[in-house]
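So the chains spell out like this:
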Amino acid sequence: MQTIYDFSLANAEKMLAEHGQKPYRAKQLYSWLYRKRVQSFDEMSDLPAALTEALRNEYCIMPVRLLDKQVAKDRTAKYLFELSDGATIETVLMHFNFGKSVCVSTQVGCNMGCAFCASGLLKKQRDLTAGEIVGQIMYIQKELDPQGERVDNVVVMGTGEPFDNYDNVMEFCSVINSDHGLSIGARHITISTCGIVPKIREFAQGHYQYNLAVSLHAPDDELRRTLMPVDRAYPLDELMDALKAYSEENHRRLTFEYILLKGVNDSDRHAEELADLIRGMNAYVNLIPYNAVDENGYQTTDERTALRFYDVIMKNGVKATLRSRHGDDIDAACGQLRARHERNRQ
Ligand code: SAH
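Draft legend 1. Focus on the site of the ligand. Taken together, 20 residues surround the ligand, and among them Glu161, Ser192, Ser215, His217 and Asn291 come closest. The backbone of Gly160 places a nitrogen or oxygen atom 3.1 Å from a nitrogen atom of the ligand. If the ligand stood free it would expose 530 Å²; the protein chains cover 93% of that surface. A per-class count over the shell around the ligand returns 11 nonpolar, seven polar and two charged.

See below:
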């Protein structure tokens, strides 16, 4: 059954018009779903009874069911959810001093095939609908409600390639960003892509205020290709051109993500080349400690080398941050919990 969370406010108006309803009903519906956060249509007491009955027959509300939850010492929580067709996805809640961030998945599995990533261990089965992504936020928001806490930030960095499911991801962002709904500010929403150039160009044309992050992981095509097959379709010069166009068009600061892999992409030469690639752009580099995945043999760069890498980039005129680790003691790497669960199922 389709979830009612699938509808942006504009599409909810259209759907309700088909039920003979005026546009203001969509705002009432949104208020029940995202402000009061009810889980049954029967509670929507200011909607006509015939409408709530029709909605109940056509739609469910919560599209995810909790199968497993792991909580790390630093309170990072990883959720394994089941969808209505039995597919499983992962979502992560992180507690930062600047607020609570939820990392959502956008696909069941992933086809991008990055060599270091656990998500690609299981090929893409399907895209998530907008509402299945919204559901991940709503499940966690409802868990936070009794403490009076809220989801402050959303990162679209879980399993899947958001720009390989572009329309649903943009619809999802519209739902959580809506002033009549959860009202999560656009600047508190970050979409991370491995670099699908035509979609970056389309995104740039949309003039959204969401943050864009790009997974780079290597400063040259030769190395990047061994880590990220997407580089063969969209090499670095095309990627950087599209990103420069995005930056100029939107006046938004870009984030480049760079996982430090021991002995692979973490030398001084790599840092210098990385700085050369990015210098002059309105962008900074987020250096990410690698969460080792048993299946592929890559290792984490040690802290000293990571700090040195950071220094070389900064000295070469590019801003960087060295991210601290979260959820180290659980299956924190993208797709790890799900991969283990699916293996146990077989
Ligand atoms: N497909 C999108 C979003 C999902 S991956 C993208 O590629 O950006 C989100 C980020 O996590 C990417 O930067 C990805 O390269 C990184 N990542 C994947 N596996 C990781 C691991 N084991 N440890 C640390 N980061 C990882």
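Next comes the rest of the description.
Draft legend 2. Inspection of the packing of aromatic side chains at higher detail. A full pass over the atoms with the stated rule returns 13 aromatic pairs. Arranged with centres 5.6 Å apart and planes meeting at 35 degrees, the rings of Tyr5 and Tyr34 form a pair that is tilted. Taken together, the residues span a long stretch of sequence, with Tyr5 in the loop between strand S1 (2–3) and helix H1 (9–18) and Tyr34 in helix H2 (residues 24–35) at a distance of 29 residues. Taken individually, Tyr5 and Tyr34 each receive the classification buried, so the pair is uniform in this respect. Ring plane angle 25 degrees and centroid distance 5.7 Å describe the contact between Phe203 and Tyr246, whose orientation is recorded as stacked. Taken together, the residues span a long stretch of sequence, with Phe203 in helix H6 (residues 197–206) and Tyr246 in helix H9 (residues 236–250) at a distance of 43 residues. Judged by relative accessible area, which is 0%, Phe203 ranks as buried. Taking relative accessible area as the criterion, Tyr246 reaches 1% and is therefore assigned buried. Taken together, the ring pairs in this structure connect Phe163, Tyr166, Phe203, Tyr208, Tyr210 and Tyr246 into an aromatic cluster. For the cation-ring pair, Lys36 lies above Trp32, with the distance from its terminal atom to the ring centre recorded as 4.0 Å.

Calculation notes
- Residues numbered from 1 in each chain as written.
- Predicted model: local features only at pLDDT ≥ 70, side-chain atom pairs only at ≥ 80, totals over all residues.
- Heavy atoms only, no water.
- Near = heavy atom within 4 Å.
- Polar contact = N/O pair within 3.5 Å; in protein donor to acceptor, adjacent residues only side chain to side chain.
- Areas by Shrake-Rupley, 256 points an atom, 1.4 Å probe, with all protein chains shown as cover.
- Nonpolar A, V, L, I, M, F, W, Y, C, P; charged D, E, K, R; others polar.
- Phe/Tyr/Trp six-rings, centres within 6.5 Å; stacked < 30°, edge-to-face > 60°.
- Helix = DSSP H or I, 4+ residues; strand = E, 2+ residues; numbered from the N terminus.
- Buried < 20%, exposed > 50% of the residue type's maximum accessible area, 1.4 Å probe, protein only.
- Lys NZ or Arg CZ within 6 Å of the ring centre and 35° of its normal.

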